[in-house]
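Residue-level structural notes
These are the residues of each chain, in order.
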Amino acid sequence: MPEPDSVKAKPHDLLTRRFIAVTGKGGTGKSAVSAAIAFAAATLGRRVLVASIQRYEKTTGFLGAGAPAGEVFEVQNNVFAVNITPKAALREYGLMILRFERLYRRVFEDTLVRYLMEALPSLEELVMIGKAWYHTQERQETGAWRYDTVVLDMQSTGHALSMLSLPATITKAAPPGPLRSKAKEILAAVTDPKRASLCVVTTPEETPVNEAAEICERNAAEAGMPPGFLFVNRVIEPEFGPSELDLGAELPPRALLRTAFVCASFRERVARSQSGHLARAQRDIPLPAVILPEVFSEEFGTAELAALSKIITEHCHGSV
Amino acid sequence: MEACRKEPVRTSPAGAMLCDHNLVVCLGPGGVGKTSATAALAIVAAREGRRTLAFTIDPARRLAGAVGLSGAKPGVVIPVSDGFDILMLDVHGTWERVVERHAVSRGQFERIKSNRFYDYLTDNFPGFNEYIAVEKLHEILTEQRYDIVIVDTPPTSYALSFLEAPNRVLNLLDNDFVRIFLHPYLKLGRFTLRYATQKEFFILRQLAKFTGFDMLRELAMFIFEFEGMFKGFRDRAEEVRNRLRAQSTAFFVVASTDRRRLLEAGTTQKRLREAGYPFTGFFINRYCWMCRDDRPAEGFGEYAGCPLAHLELDARAFAAEAQAQGIPPDLADRLHSNLADHVAVQRRVSLEVSALLSETGPGFTHFTTPAFADDIHDLPGLRRLAEAIRPLG
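Let's shift gears to the overall build of chain A. A count of helical and extended segments in chain A gives 11 helices and 8 strands. Expressed as a percentage of contacts within chain A between residues at least 6 apart in sequence, the contacts between residues at least 24 apart total 72%.

The next thing to look at is the overall build of chain B. Summing up its helical and strand segments, chain B has 17 helices and 9 strands in all. Burial statistics for chain B: of 393 residues in total, 45% are counted as buried. The contacts in chain B between residues at least 6 apart in sequence include a share of 76% that link residues at least 24 apart.

Moving on, we get to the sheet that holds strand 2 (residues 52-56) of chain B. All names here are of chain B. An order of 3-4-2-5-1-6-7-8-9 is seen for the 9 strands of this open sheet, with the pairing classed as mixed. In this open sheet, the two edge strands, each paired with only one partner strand, are strand 3 (78-80) and strand 9 (390-392). This sheet shows a mean twist of 25 degrees between the axes of neighbouring strands, independent of strand direction. As paired strands, strand 3 and strand 4 (residues 84-88) are joined by 3 bridges and run antiparallel to one another. For P79, the partnering residue across the bridge sits in strand 4 and is D85.

Our next topic: the packing of helix 1 (residues 30-43) of chain A against helix 11 (residues 302-316) of chain A. Residues and elements named next belong to chain A. The interhelical angle for the contact between helix 1 and helix 11, taken along N-to-C directions, is 70 degrees, at an axis separation of 8 Å. Relative to helix 11, the element helix 1 lies roughly perpendicular. Pair helix 1 / helix 11 crosses with right-handed handedness. Listed contacts from helix 11 to A32, A35, A36, I37, F39, A40 and T43 of helix 1 are L305, A306, L308, S309, I312 and T313.

Of the residues in chain A, 86% have a pLDDT of 70 or more, and the chain-wide mean is 86. For the stretch residues 1-5 of chain A, pLDDT sits under 50, and the model shows 6 contacts to residues farther than four places along the chain or on other chains.

Turning to helix 8 (residues 206-223) of chain A, a few remarks are in order. Residues and elements named next belong to chain A. Under the 1.5 Å per step criterion, the end-to-end length of helix 8 is 24 Å for 18 residues, consistent within 8% with the ideal 26 Å. Among all positions in helix 8, only E206, T207, P208, V209, N210, E211, A212, A213, I215, C216, N219 and A223 are buried. Backbone geometry just after helix 8 places G224 at a positive phi near 75 degrees.

Time to look at the environment of I37 of chain A. Residue and element names in this part refer to chain A. Checked against the element boundaries, I37 lands in helix 1. When the C-alpha positions of I37 and V7 are compared, they lie 25 Å apart, and in sequence the two are 30 residues distant. Discounting residues that sit within four places of it in the chain, I37 has contacts with L14, I20, V151 and I312.

Residues and elements named next belong to chain A. Among the 5 residues that make up strand 5 (residues 149-153), 5 are buried, leaving the element largely enclosed by the rest of the structure. Taking every second residue as pointing to the same face, both faces of strand 5 are buried, with T149, V151 and D153 on one and V150 and L152 on the other. One ladder, built from 4 bridges, connects strand 1 (residues 19-24) with strand 5; its direction is parallel. Paired with F19 across the bridge in strand 5 is V150. As paired strands, strand 2 (residues 48-53) and strand 5 are joined by 5 bridges and run parallel to one another. Residue pairing for strand 5: V50 is matched across the bridge by V151.

This next bit is on helix 2 (residues 34-47) of chain B. All names here are of chain B. Here helix 2 is 14 residues long and its end C-alpha atoms lie 20 Å apart, about the 20 Å a rise of 1.5 Å per residue gives. Within helix 2, 14 of the 14 residues are buried, which leaves the element mostly enclosed by the surrounding structure. Phi turns positive one or two residues past the end of helix 2, at G49, with a value near 85 degrees.

Residues and elements named next belong to chain A. The strand order across the open sheet built from 8 strands is 3-4-2-5-1-6-7-8, with neighbouring strands paired in mixed fashion. Edge positions in the sheet fall to strand 3 (73-76) and strand 8 (289-293), since each has one partner strand and no second. Direction aside, the axes of adjacent strands within the sheet are offset by 25 degrees on average. Where strand 6 (residues 196-202) and strand 7 (residues 227-235) come together, 4 bridges link them in parallel fashion.

What follows concerns the packing of helix 10 (residues 256-284) of chain A against helix 16 (residues 329-360) of chain B. To characterise two packed helices, one gives the angle between the axes of the helices and the distance between these axes. The N-to-C vectors of helix 10 of chain A and helix 16 of chain B enclose an angle of 80 degrees; their axes lie 9 Å apart at closest approach. Classed by the angle they form, the pair helix 10 of chain A and helix 16 of chain B counts as roughly perpendicular. Contacts from T259, A260, F261, C263, A264 and R267 of chain A in helix 10 of chain A reach L335, H336, N338, L339 and H342 of chain B in helix 16 of chain B. Among the residues forming the contact of helix 10 of chain A with helix 16 of chain B, the class breakdown is 6 nonpolar, 4 polar and 1 charged.

Let us look at the confidence of the model for chain B. All names here are of chain B. In the predicted model, chain B carries a mean pLDDT of 81, and 80% of its residues have values of at least 70. This model gives residues 1-6 a pLDDT under 50, and the stretch forms 5 contacts once residues within four places in sequence are excluded. Scored below 50 in pLDDT, residues 291-304 shows 29 contacts in the model against residues more than four places distant or in partner chains. Complex prediction metrics read pTM 0.84 and ipTM 0.81.

Next up on the list: the environment of A14 of chain B. Residues and elements named next belong to chain B. Note on placement: A14 falls in helix 1 (residues 13-19). Judged by C-beta crowding, with 26 C-beta atoms within 10 Å, A14 ranks as buried. The spatial distance from the C-alpha of A14 to the C-alpha of I389 is 7.0 Å, given a sequence separation of 375 residues. Apart from the residues within four sequence positions on either side, A14 is in contact with L41, V44, F367 and I389.

All names here are of chain A. Mapped onto the fold, E185 is located in helix 7 (residues 178-190). Note on E185: 16 C-beta atoms within 10 Å, which makes it partly exposed. Note: C-alpha distance between E185 and L257 (72 residues apart in sequence) is 63 Å.

Turning next to unusual backbone geometry. The phi angle at N78 of chain A is positive, at roughly 70 degrees, despite the residue not being glycine. Within the secondary structure layout, N78 of chain A lies in the loop between strand 3 and strand 4 (79-84). Classification of N78 of chain A by C-beta neighbours within 10 Å gives buried; the count is 20. With a phi close to 55 degrees, Q144 of chain B is a non-glycine residue in the positive phi region. Examined against the element boundaries, Q144 of chain B turns out to sit in the loop between helix 7 (128-143) and strand 5 (148-152).

Conventions and cut-offs
Residues numbered from 1 in each chain as written. Chains lettered and ligands numbered in written order. Predicted model: local features only at pLDDT ≥ 70, side-chain atom pairs only at ≥ 80, totals over all residues. Helix = DSSP H or I, 4+ residues; strand = E, 2+ residues; numbered from the N terminus. Contact = placed C-beta atoms within 7 Å. Buried ≥ 20, exposed ≤ 12 C-beta atoms within 10 Å, placed from the backbone. Pairing = 2+ DSSP bridges. Axes fitted to C-alpha atoms, helices over the stretch in contact; angles between N-to-C directions. Parallel < 35°, antiparallel > 145°, perpendicular 65-115°, else oblique. Left-handed = near helix turned anticlockwise from the far one by under 90°. pLDDT = per-residue confidence, 0-100. Expected span 1.5 Å × (residues − 1). Nonpolar A, V, L, I, M, F, W, Y, C, P; charged D, E, K, R; others polar.

Quick look at the structure:
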C-alpha cells in the first residue's frame, strides 16, 4: 500500500517515449485519451501508432471502426491505428515462427488445437503485447523507426495488469524455451525507464479512482513499468457561486431562465461531488495528475480530440 | 425473514417486471453501471416482497463495495438491510468443490489439484469465471431458496461472453485431441515425440516450438485427468442454458449514453436474440442530465422524453429575459452557455437512443435511470437509483 501523500513519480516527457501503455476502469475514456496522446505526439512530428487491444473480433477500437484486425491503417498524417485481437496476433506470430501459411493453417486452425492454445499460459496475452512491442521495433527502409511511438490502448484494469505483468511472470516462472526468450525481450522493452510509460485514466468518481490506485500498486509490485501520468478525465470545474444560484429561486417555474438555473445548480453539484474524488486522486495516486475537462458537444470529433491533445502537450511535454 | 414476505405490490413498472420473472441477467461492457443496475433492481424486487438474490460474477467484486460491504467474502451469502441477499462468485472455492464432488477418487482430485494448471487456468483462462458462474448458478437455481435471482455479469469488452465463454472451458477440458491422440504419446516423453509421424504428433511438435515441450505435456496430463468427469459438466451447463432461454428469464442489455456504448448495446441485443435468449429491453443509465431530485414538480414531465433536448435556445431572448429579471449579464452569459452544453448533450443522447429503439423494434420493456449529480457508490445512493428507474418508450 502506498502511503497517502506518497512520493509522486517524477514527471517525464511523455510525448518522446517510445512505448506508452494506457489503462484504467472501463468507461473512463481510455481510448479517447490514447488517441489524444497520439495526436499530441504526432504534432511534434513523430510517427505514432495506436494499438488497441480487443479480446473479441467483434469489437473495434475508437480509431479503428471497421478495420480488419491486425492491419495497420493511417488515421491521418503521422497517426496510425491497429486493432490487436488474440486470433490475429497469434496468427501473425505463428506465421513468423512456422514460416509457411499452410503449415500454420494445419496446426492452428485445427479447432481442438485452438482450445489448447487458449489454455497455454497466457499465450494469447503474450502475442498481443508482443505484437505491440514488435511495432516499436519495426524500421522503415531508411533505417528510421517505422513508429516513433506506440500507444497501447489496453483493456480495463484486471486484464491490462495481467497482460503487463506477463513478461515478468513468464521470465521468472516458465521453463527455458522460445516463449521465455520472447518474454524476456518484451520485459526489457516495457520496463525500460527511459522509453516506456504506463498512463492511467480515471474519472473523478469513487470506483475509477480506486481502480487507478490499484493499477499503480500492482504495477509497482508485478509489472514494473515506468509510472507515467494520471489522466483525470471528464472533469467539470465549478462555474457558479452559491449566491449566484440563489438568484434563480424566485423565478417563475416554466421560464427558460429557470431551467438554466436548474442546469447550473446541477452542474455545481456534479462539480462538488467530483472535487472530493479529484482531490483524493491527486493525493493518493503516485502519478502526476493531468486534468481533462468534460466535453459537452454533440459529437466527440476532431476538434474535441485536438483540445485534449493540446492539454496533454502542455502538461506532459518538454521540461515537465 | 417472514416480515418481508408479503403480497407483491407492483408499485412500479420495474416492480411489475421483476414480479413476472425469476431470473434476470444484466449484460453489458465495463463502466456502464451494470453493478448499480443489478443492485437497484434487487432493491425494487425486495420491496415487492420477493426473496431476492443479487449474484455478481465481477472479479473486481464491485457489488459488495457498492452496498458498503467491501470487506465481504466471496462465496458467502450476505443479507443486506433492504431485504435482499448478495453473493459474490468465489471462483477458486466453487471450482474446488465442483472438482472434488465429481472426481472418481480422492487420488484423482489430488492429482488435478497439484497440477500447476489447476490454479493457473482458474485465474487466467478466458471464460473460466463465466464457466464457474454457470456451475454456481445451477446450484442456486436448484436450491430454490429465492423467488428471483439477479445476475451481474463480468465487465468484459464483449457483452455476450457470459453466454459463450463457458463452452470454451468445456471444450478445453473435454478435448478429444488430447485425450485420444496425445495422451498415450505424452506418457512416453520427448524422444518418441521427435520421431513420431502421425498428424497429431506433427501438430504437437509445431506447438512445442512456441511453448517448449514440458508445458504442453503438463497441460495435456492435466486435461487427461478430467477423463470421465464431463458428462455432468455438460448436463449442468445445458440445464442452465435452458433456464436462461425460458420465458421466466429476463435479459437486460445495460448501456450508458456514450455513443459507442449505445451502438454496442444495439449489436448485443441483436446477437442475444439470434442466439435464442429472451431479450427484455435496454437499461440505460445516466440517461438524463436533469437529475431526478433536481427535477422540479413544475412541468418537465417524464424526463424520459427529456425536455432539454427540445429546448429552442435564443441567446438574445435569453439575455433579455435575464435582464428583465435583474440577473447580471456576466452570470446570464454563463447560465446560457451551460444550458447550451446540456441541451447539446441531451440532443445527441435523445437522437441516439431513439435510433437504438427504432432499430430494436416494438414489444420490449426498456428502463432508464437518470444521471445523479453525485456518484452512486453506497446503499443510500442505490436506493435513490432504485426509486428513479423509469420505463422508456
